[in-house]
Amino acid sequence: MITAEFIVRVFDYLGTFAFALNGAMAATRVVRLDIVGVVTLGIITATGGGVVRDVLLGDTPPAMFGDWIYLAVALLGALIAFFVARPHHILNSTVQVLDAIGLSLFCVVGAQKALAFGVEPIPAVLLGVITAVGGGTIRDMMLGRVPTILTSELYAIPALVGATLVVVPFAIWHLDGVLGVSTQLVGAIACFLIRTLAIHFKLSAPVARATPDKHDH
């Protein structure tokens, strides 16, 4: 029998693989790094959000240190990205798709784990978002870029929607599924669709009208 716990574990591994590929590909696209640098960024992108989540939950040591599969999956994804070269426009599209997949899977995994630890609904949603965007934020900072969550087309909002679709049915009706479909799957699909539509149509959240002061340096 397929349980919610099994689905979450599969999503966690798939998200780890997708974000490892994404982080490593982003590294090769932005700067020239050796294999150590590429693999490091891949693993950090894949596991960073989960580590932050686990520390905040008090679940230490974090899951990646207690289950070797996480590191193995992250390492595999990073190595694939390092050895498989693609033309720039294809590489850019691939990075965006992988980022959307990782974002979608991790937002529901983070929210589900928070619920399992008895966290209240709103913090559970926030932990889902942190799980989804944490690794990419650390990656961008290491690459010397403004984090995607602060500048890109809708990024945190899709993760917020996905995590909410997991938390609300459980918090209100104690449901892990609706009409035979797991809330994790519904949340992941919703997040992915919103994110990919935002990329395709270049949709963005409202931005501040004020311009930076040239003297504030």
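For the structure, check the block above.
Residues numbered from 1 in each chain as written. Predicted model: local features only at pLDDT ≥ 70, side-chain atom pairs only at ≥ 80, totals over all residues. Heavy atoms only, no water.

A. How the structure looks around the packing of helix H8 (residues 156-173) against helix H9 (residues 183-201). Orientation of H8 relative to H9, taken along the N-to-C sense of each, is 160 degrees, at an axis distance of 8 Å. Taken together, H8 and H9 sit at an angle that is classed as roughly antiparallel. Where H8 crosses over H9, the two elements pack in a sense that is right-handed. Residues Pro158, Ala159, Val161, Gly162, Leu165, Val166 and Pro169 of H8 form the contact with H9, whose own contacting residues are Thr183, Gln184, Val186, Gly187, Ala190, Cys191, Ile194 and Arg195. Among the residues making up the contact of H8 with H9, the classes are represented as ten nonpolar, four polar and one charged. (Axes fitted to C-alpha atoms, helices over the stretch in contact; angles between N-to-C directions. Helix = DSSP H or I, 4+ residues; strand = E, 2+ residues; numbered from the N terminus. Parallel < 35°, antiparallel > 145°, perpendicular 65-115°, else oblique. Left-handed = near helix turned anticlockwise from the far one by under 90°. Contact = heavy atoms within 4.5 Å. Nonpolar A, V, L, I, M, F, W, Y, C, P; charged D, E, K, R; others polar.)

B. A look at the environment of Gly134. Mapped onto the elements, Gly134 comes out in helix H6 (residues 121-142). Measuring from C-alpha to C-alpha, the distance between Gly134 and Phe106 comes to 9.9 Å, with 28 residues separating the pair along the chain. Apart from residues lying up to four places away in sequence, Gly134 is in contact with Gly48 and Gly49.

C. The pattern of salt bridges, seen in detail. Summed over the entire model, instances satisfying the criterion amount to seven salt bridges. Here Asp67 makes a salt bridge to Arg9, at a shortest N to O gap of 3.6 Å. Separated by 58 residues along the polypeptide, Asp67 in the loop between helix H3 (63-66) and helix H4 (68-83) and Arg9 in helix H1 (residues 4-30) bring together distant segments of the chain. Judged by relative accessible area, which is 39%, Arg9 ranks as partly exposed. Between Asp54 and Lys113 there is a salt bridge, with its nearest N and O atoms 2.9 Å apart. Separated by 59 residues along the polypeptide, Asp54 in helix H2 (residues 35-57) and Lys113 in helix H5 (residues 88-116) bring together distant segments of the chain. For the residue pair Asp54 and Lys113, the accessibility class agrees, reading buried in each case. (Salt bridge = Lys/Arg side-chain N within 4 Å of Asp/Glu carboxyl O. Buried < 20%, exposed > 50% of the residue type's maximum accessible area, 1.4 Å probe, protein only.)

D. How the structure looks around the state of the cysteines. Enumeration according to the criterion identifies zero disulfides in this entry. The thiol of Cys107 is unpaired, and the distance to the nearest cysteine sulfur, on Cys191, comes to 4.0 Å. The exposure class of Cys107 is buried, given its relative accessible area of 0%. (Disulfide = S-S within 2.5 Å.)

E. How the structure looks around the packing of aromatic side chains. Using the criterion set out here, one finds three aromatic pairs in the structure. Ring centres of Tyr13 and Tyr70 lie 5.1 Å apart, and the angle between their planes is 55 degrees; on these two criteria the pair is classed as tilted. Placement of the pair is Tyr13 in helix H1 and Tyr70 in helix H4, with a sequence separation of 57 residues. You'll find Tyr13 and Tyr70 in the same group, each marked buried. Between the aromatic rings of Phe19 and Phe106, the centroid separation amounts to 5.3 Å while the plane-to-plane angle is 70 degrees, which identifies the pairing as edge-to-face. Of this pair, Phe19 sits in helix H1 while Phe106 sits in helix H5, and the two are 87 residues apart along the sequence. (Phe/Tyr/Trp six-rings, centres within 6.5 Å; stacked < 30°, edge-to-face > 60°.)

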